[in-house]
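# Fold and geometry: a report
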Amino acid sequence: MSFRPRITAFLCQWCGSKGADMAGTSRMKYPSTVTPIRVPCTGRIDLTHVLDALTKSDGVLIGGCYTPSNCHYKHGNYQALKRVELLKVFLKQMGVNPDRVRLEWIRASEGKKFAETIRSFTEQLEKLGPLKTQEEAMPE
Amino acid sequence: MKKARLAVGYGSICGGCDVAFTDVGTELVDLAELVDIVYWPAVVDGKIEQLKKISDIDIGIYFGAVRTEHHELVLRLLDEKSKILVAFGTCPCYGGIPALGNVETSDSLLQTAYSEAPNTTNDGIPGLRKLKRQTMEVPRLKAFISAPSDLVNFDVFVPGCPPPVQSVSKLIDLIRDYSAGDPIPEMHFIAEETSVCDFCKREKPEVISIDRIMRIHEVEFNEDECFLSQGILCMGPVTRAGCGEEPRCIQKNMPCRGCFGPLPKVRDQGTKFLSSIASSIVLGKEKNMSDEDLQHLVKKQVLDPVGQFYRFALAVAAFNRRYTGD
Amino acid sequence: MERKSTERIGVFVCHCGRNIAETVDVERVTEEIGEHPSVVFSEHYDYMCSQPGQDMVRDAIKNHSLTSIVVAACSPTLHEKTFRDVVEKAGMNRYKCEIANIREQDSWVHTDKEEATAKALRITRSIVEKVRGNRELSPIEVDLHKRALIIGGGIAGMQASLDIANAGHQVVLVEREATIGGHVAKLAETFPTLDCASCILTPRMSEVANHPNIKLIVNAEVVDVEGYVGNFRVKILKKASYIDADACNLCAKCEGVCPENVLSGFDEYLSFRKAIYIPFPQAVPSTYTIDTEACLNPEGMKAVICSKCRDVCEADAINYDRSSEMIEEQAGVIVVATGYQLYAPENIGEYGAGKYPDIITSLQFERLLAPNGPTSGTPRRPSDGKIPKKLAFIHCAGSRDENHNDYCSSICCMYSSKQALLFHEHYPDSEIYNFYIDLRASGKNYEQFIKRVQDEGINYIRGKVSKIFEQDGKVTVFGIDTLKGERIEDQFDMAVLALSMVAPAGIRDLATKLGISYDDYGWISEEHPKLRPVETPTAGIFVAGVAHGPKDIQTTVAQASGAASKVLDMLSHDVITHLPTVARVERDACSACRLCVSVCPYSAITIEDGAASVNEALCEGGGLCAAICPSGAIELTNMTGIQMMSMIDAVSEEPR
């Protein structure tokens, strides 16, 4: 069986999760690779959570409100943006493809963008394959 | 009173912890009266065969991280034979400096050390060939460096790189209590429960927002103000206090490097602080720039996150070793 | 099915008819979730939100002594409240009820039943993990300052002020200009009834002026807002007026002697006024004002070069020594009714406004039609004062155009038609063309109004105008008639641009001070477009009128009354409640590093005695502090780090 990635999606309750709801209301189809976790704000997400999710799945999506001004908590989305950016520098250093963590701004009305994001992220992760440590990658 | 039997075993060490012990001065005499030292490479004997023979250790102290199979063997033996197992120094608690080696695979480390370094003329990597020369065997490197605390259960943790004099004194007090028959609290830390900030006397501004992270030589800083608010990366907020009544590095005008490891409610010191610091960069001023400019700005602030944020606790981080599949 | 456990969670899986059951094996979800160690009861039903479904939940809570429940159904935005009300009636704390969204985010977006079922299980398990960590909470009560602050004195702000004041509450109304009345004061007649705008507005203005419960502050702007719902402290900068409004008797002698002429903003720069002026005779407050930018005396009256107005004032109402003042007001609630401004015509270079005198804006044309306008209601064109015979109305000037504003300004079809009709009624021989993209006339009686205008003989040409310019006293319009498929090039005496409405200057700053958000265009964002249309996401701050987005007078007034009713709802209580899912600090674990203080968007965190302390009334529960806290000392209630971690575990679990 071909590799089917698993994505953990942290979606903020104001935009990301509502965008996902809109995809549902519009009956758009996308792979069931993604499982959502609804959070109050992307600014609630600590990198500890992102990395924990990444050790247990193949990719992490963070869906929040558009910058500069759509965040319900004024600048929560910016905290996520800055954190993910720094995390990617760390992941690269540890030999993990930084594309495994994806940040998208998704409006409540952007069901289409949500569905397309899941589709393209799934394809991207299918190409990357499962996340492997050195022992797993090079069995003795 | 029967003397307690003390054994000290080594993992991947630098020797600093031995020195830290001697730093207590005359209290060493107290220790000598309290214990019989049955094993301690720097003090009595250091052959593994010796350790294998010893039984009934009251207090086993482990220095260093687990890099080789030999290190693990020493750790397992100490764990098996000791009533009280002490993690002494940052390495057995969190992996310490040696665990930074996990940014590379063991193979590439050996490759660099034994083949590629310009001043090396070896024709092979000893670890991989299980090289035997007379009676000596070079122990194999493990695939990655582990924090001993992830492999066995310690009773007492003495963080610090190296632990300060007062921690050693407290450990000697603890050994005295043990000898007198007092119980040792479970998972006991010879450190504070709050962060370095709690003990730092520097003044903090109302809001901490960092325009640019600077290295200490790059700025003429105010010696009475918080390092972080001046853009100097200080691990104080995410690090356990206990290194001195006034934190020892900060007192000497250097930012905290984080050697006491994470706070009680945090496991992954580096990742936690990566979140905090990423947020602190131009905090409150983000809307002045585009997303792309902001991302670029953040990215160039920290060139070596592993070295700066995970310096002492990479081994216990969520991502604690080199990934090679990607 | 029932199992034994110390924690007693009930899970209710909804079929939603076939909406969920068609793609998710609800029976399997019910069975497998029942094996979770904390789940003691699980059941599925056709429609959980129906009365029998609700009864099922209520009975199960009682019969199985449930400590918390999860309803696996539709999005929590729909029925979270429904089920929380149900559990509350059954004696369970409402925060021990959570919704697992297996419809919008699962059954509706997948087709493979096996996969959708596995995902439904992952989602439901994660919510079971969340609810396990939920604390019982009760709403936080905050004292309420029974006073409303209304920002903006246009038709929306006036309506809201009067509604609130008439209900017996104190209102502070802050207006940036010298008079209230806003844009409506400038209009001639209003669609679709052709009521005279002044007749609608001026009685209301004087009602505001004379209302004992309304404190009116004009020439003023909100410069700082502190506090939170129930207890806002607002700093208002009132520009010096130099004139005692109570003493001024409107004799107009000052105006007669003032040597400085400037273009009148009220007349949309089509006429001149003096540096000392009253915007229009019915202005409220009824007094003269000195335009300090136009006055000969330097800014702030630092020197008195000319004192002609003071010398002539018999009422002794003018005093150059006055200065700007900072007024502090307290209010429990705030209504933002800051209106709009017209898109600057210079931005649409190809339409020539500002460059050619007879290409004017819609508001300028309104002033030409208005009986109190610069031409006393006789619409004369600016270049030579002649009454035009052939007129072009250009719809969507700057609207529905991705080069300018991609939204519809909502009222331009209607007012352009109205302006055409008013003109044509006076000059039936005139020839009038409306260039439009689509005619949007969706209000009550609007379509009939358009029909009436068309029957009057006014021409409508469907197509976007590409270029307008003036030459030899003729305005040339280039365009296309998309219905005929013909290019259009025609000469007119005058062209009127229906410019789009844009968010007023300064609104972004104001919104930032208030802690409310705005969309990409600067319009204030509502909490929910359908269910909470006048609430902003910040508790205690409401929005009314065009500040929220383009709309007509009817809708503006209705929305203002809607906002007022929400204000009155709040003011009818002595205390107000606030979401209890706020941040909490474990003080012993806190080292006062101040990072949470720095990241909090609401200044809700302070350091008290060496540890962070959360003002629960200010906290909105975003959890930014919890994520930045390096010691894990601050946690978001009911979304703690432990809850997040166990949810992550649950969603990553493989199906069995």
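Summary of the structure given here. All residue numbers refer to positions counted from 1 along the written sequence of the respective chain. Just so you know, chain letters begin at A and ligand numbers begin at 1, following the order they were written in. Confidence filtering applies because this is a predicted model: local features only for residues at pLDDT of at least 70, side-chain atom pairs given and counted only at 80 or more, and all residues used for totals across whole chains, interfaces and linings. Computation of side-chain values: all heavy atoms of the structure, hydrogens and water removed.

### Here's the deal with the sheet that holds strand E25 (residues 474–481) of chain C
Residue and element names in this part refer to chain C. The line we're drawing: DSSP calls a pair of strands paired once it identifies at least 2 bridges connecting them. Secondary structure follows DSSP: runs of H or I at least 4 residues long count as helices, runs of E at least 2 residues long count as strands, and numbering of each begins at the N terminus. Axis definition: a line fitted to C-alpha atoms, over the contacting stretch in the case of helices. Angles run 0 to 180 degrees between N-to-C directions.
Read from one edge to the other, the open sheet built from three strands follows the order E24-E25-E26, with strand pairing classed as antiparallel. Two strands bound the open sheet, and with one partner strand each, they are strand E24 (467–471) and strand E26 (486–492). Going from strand to strand, the sheet's axes swing by 20° on average, the running direction of each strand aside. Here five bridges tie E24 to E25, and the two strands are oriented antiparallel to one another. What sits directly across from phenylalanine 469, in E25, is threonine 476.

### Considerations on helix H1 (residues 26–33) of chain C
Residues and elements named next belong to chain C. To keep things clear, this is the line we draw: Burial classes follow relative accessibility: with a 1.4 Å probe on protein chains only, a residue under 20% of its type's maximum area counts as buried, one over 50% as exposed, and anything between as partly exposed. In what follows, residue pairs with any heavy atoms lying within 4.5 Å of each other are defined as contacts.
With six of its eight residues buried, H1 lies for the most part within the structure. Burial in H1 covers these residues: Val26, Arg28, Val29, Thr30, Glu32 and Ile33. If you follow the buried residues of H1, they end up packed against strand E1 (9–14), strand E2 (39–45) and helix H5 (113–133).

### What about the state of the cysteines?
This is how the line gets drawn: Cysteine sulfurs are considered disulfide-paired once they come within 2.5 Å of each other.
Taken as a whole and assessed by the stated rule, the structure comprises two disulfides over all chains. Bridging A:Cys15 to A:Cys65, the disulfide has an S-S length of 2.3 Å. Between A:Cys15 and A:Cys65, the S-S torsion sits near 100°, and that sign places the bridge as right-handed. Linking A:Cys15 in the loop between strand E1 (7–12) and helix H1 (16–25) with A:Cys65 in the loop between strand E3 (59–64) and helix H3 (76–93), this pair joins segments that are 50 residues apart in sequence. Each disulfide pairs two cysteine sulfurs, and for C:Cys196 the partner residue is C:Cys199, the sulfurs being separated by 2.3 Å. On the S-S bond that ties C:Cys196 to C:Cys199, the torsion sits near 90°, and the link is right-handed. According to the relative accessible area criterion, C:Cys196 is partly exposed, its value standing at 26%. The structure places no disulfide on A:Cys12, whose sulfur is separated from the nearest cysteine sulfur, that of A:Cys65, by 3.6 Å. With a relative accessible area of 2%, A:Cys12 lands in the buried category. With no disulfide of its own, C:Cys396 lies 5.8 Å from the sulfur of C:Cys413, the closest cysteine sulfur.

### Remarks on the side chain of C:Asn134
Note on placement: C:Asn134 falls in the loop between H5 and strand E5 (140–143). Beyond its immediate chain neighbours, meaning those up to four positions away, C:Asn134 contacts C:Tyr95, C:Lys96, C:Glu98, C:Asn638 and C:Gln643.

### Some words on the interface of chain A and chain B
Worth spelling out the cut-off: The quantity reported as buried area is the accessible area (1.4 Å probe) lost by two parts once they are put together, taken as the sum for both. The term salt bridge refers to a side-chain nitrogen of Lys or Arg lying within 4 Å of a carboxyl oxygen of Asp or Glu. When residues are grouped by polarity, Ala, Val, Leu, Ile, Met, Phe, Trp, Tyr, Cys and Pro land in nonpolar, Asp, Glu, Lys and Arg in charged, and all others, Gly among them, in polar.
Between chain A and chain B, the residue contacts involve 39 residues of the former and 43 residues of the latter. Taken together, both faces of the contact between chain A and chain B bury some 3700 Å²; the carbon and sulfur share is 60%. At the junction of chain A with chain B, the criterion picks out four salt bridges. The partner of B:Lys272 in a salt bridge is A:Asp46, with the nearest N and O atoms 2.6 Å apart. Examining the composition of the side of chain A that touches chain B, we find that 13 residues originate from one element, H3(A), more than from any other. Class assignment of the residues belonging to the side of chain A that touches chain B gives a composition of 18 nonpolar, 11 polar and 10 charged.

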